[in-house]
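Analysis of the macromolecular model
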Amino acid sequence: MIVTVTMNPAIDKTVEIGHLIPGGLNRIHKVEYDAGGKGINVSKTIRELGGGSIATGFLAGNAGRTIESVLKDRGIQSDFVWVDGETRTNTKVLEDNGEVTELNEPGPEITPDQLDELLARLEGYAGDGVLFVLAGSIPSGISIDIYEKIIRLLHKKGAKVLLDADGCMFRQALDAGPDIIKPNRAELEEFMGIDYRASDRDLLKTARQLLGKGVDTVAVSMGKSGAMFVRDGYEVRCPALNVKAHSTVGAGDAMVAALAYSFDTKNGDENTTRICMAASAGAVTTIGTKPPARELVDELMEQVIIEKIGE
Ligand SMILES: Nc1ncnc2c1ncn2[C@@H]1O[C@H](COP(=O)(O)OP(=O)(O)O)[C@@H](O)[C@H]1O
Ligand SMILES: O=P(O)(O)OC[C@H]1O[C@](O)(COP(=O)(O)O)[C@@H](O)[C@@H]1O
């Protein structure tokens, strides 16, 4: 069983413009709305891949109701804690050259009781064979060590955790030894404390260090440069697939979904790598943050090139 946890869901509003003029008048020629937020995107992609998950976290207001009904329509079970205020809207400004500027809102305020309610629900789902996906930012009112706390809580119950977080939350959560992580290049560079582009060798070295902290699998996504998959006895690098890019927003979530789906279906290392590369490339071809269709993922899996990088 997979449980996705989205503490800070969002309606993703993708606006397409020719070229963004900061400080000027920008006319939008297309708008697309999606039920989003990292864990929710993961649940949507798992569904497309043919798997199932329960989506939980916090929802609020009209935007929250829209997200809940989208999930229902897609056949995804949801169990959110309802809070006051309004679930955020994240605006993605997509230019003709493919560049995306993201404006992500902070999200509603969460009270200690509401957080306790979510923790109780997570504990209720936890057990052997259950994978929790903890993904994305946290709304106000919640301290940055929350993922670390949740990982410890879930591990006590025998569950596994896939973490996709950035900044301090990522760093702090590592102390609890999440089982699978998917940092992107920038997140790993920030963790390494460097302000230049890390080489593949640097990224590999850091990924190996993370394995030493109790992490079982590190997937480092590197945008159009592909990805690296590192676990004990399996170290590979894959160039990105050649697809017609529309919006790269949601590509990372699709990779997380493929990792979770693979864990749940006990896919081997090579198949996991293939489906991660295919699902994430597929997500790049879709409009807004829509998940890729399974048929496309199957086609793309055939094109994945896996290069061994171990020394
Ligand atoms: N332009 C692209 N063409 C093909 N695949 C891409 C492209 N951009 C991203 N991807 C795929 O999506 C994965 C995740 O993208 P990335 O931008 O690293 O993640 P995130 O969305 O978390 O920042 C990459 O590892 C790659 O497989
Ligand atoms: O919780 P955060 O870090 O603000 O991120 C939320 C945003 O990330 C997304 O899930 C996309 O993430 P990726 O591009 O990393 O896959 C959007 O749907 C959402 O608006």
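Residues numbered from 1 in each chain as written. Chains lettered and ligands numbered in written order. Predicted model: local features only at pLDDT ≥ 70, side-chain atom pairs only at ≥ 80, totals over all residues. Heavy atoms only, no water.

Examining the overall build of the chain
The following threshold applies: Numbering goes from the N terminus for both helices and strands, where a helix is a DSSP run of H or I of at least four residues and a strand is a run of E of at least two. Three exposure classes are used, based on accessible area relative to the maximum for each residue type with a 1.4 Å probe and protein chains only: buried under 20%, partly exposed in between, and exposed over 50%. Areas reported as accessible are Shrake-Rupley estimates using a 1.4 Å probe. Residue values count occlusion only from the protein chains shown. The charge count includes Lys and Arg as positive and Asp and Glu as negative, but it does not include His or the ends of the chains. A single reference atom marks each charge: NZ on Lys, CZ on Arg, CG on Asp, CD on Glu.
Looking only at helices and strands, the chain has ten helices and 14 strands in total. By residue count, 52% of the 311 residues in the chain fall in the buried class. Of the roughly 13600 Å² of accessible surface on the chain, a fraction of 48% belongs to carbon and sulfur atoms. Side chains of the chain carry 34 positive and 46 negative charges; the gap between the two charge centres is 2 Å.

Topic: the site of ligand 2
As a reminder, the rule being used: Being near a molecule or strand, for a residue, comes down to having at least one heavy atom within 4 Å of it. Polar contact is the term for a pair of N or O atoms within 3.5 Å; when the atoms are in protein, one must be able to donate a hydrogen and the other to accept it, and sequence-neighboring residues count only if both atoms are side-chain atoms. Gly is placed with the polar residues, together with every amino acid not listed as nonpolar (Ala, Val, Leu, Ile, Met, Phe, Trp, Tyr, Cys and Pro) or charged (Asp, Glu, Lys and Arg).
Around ligand 2, 16 residues are found, and the nearest of them are Asp-12, Lys-38, Asn-90, Ser-137 and Asp-253. Within the backbone of Gly-37, one N or O atom sits 3.4 Å away from an oxygen atom of ligand 2. Contacts to ligand 2 include Asn-90, whose side-chain N or O atom sits 2.8 Å from an oxygen atom. Among the secondary structure elements, those contributing two or more residues to the shell around ligand 2 are helix 1 (38–49), strand 6 (88–95) and helix 8 (251–264). Its residues assigned to classes, the shell around ligand 2 shows two nonpolar, nine polar and five charged.

As for the site of ligand 1
Lining the immediate surroundings of ligand 1 are 19 residues, of which Asn-184, Ser-221, Gly-223, Gly-226 and Ser-280 lie closest. Taking Asn-184, its side chain carries an N or O atom lying 2.9 Å from an oxygen atom of ligand 1. Contact distances for ligand 1 include 2.9 Å between an oxygen atom and a backbone N or O atom of Gly-226. For ligand 1, the accessible surface in isolation is 560 Å², of which the surrounding protein chains cover 84%. When residues of the shell around ligand 1 are assigned to their parent elements, the largest contribution, four residues, is made by helix 9 (residues 269–285).

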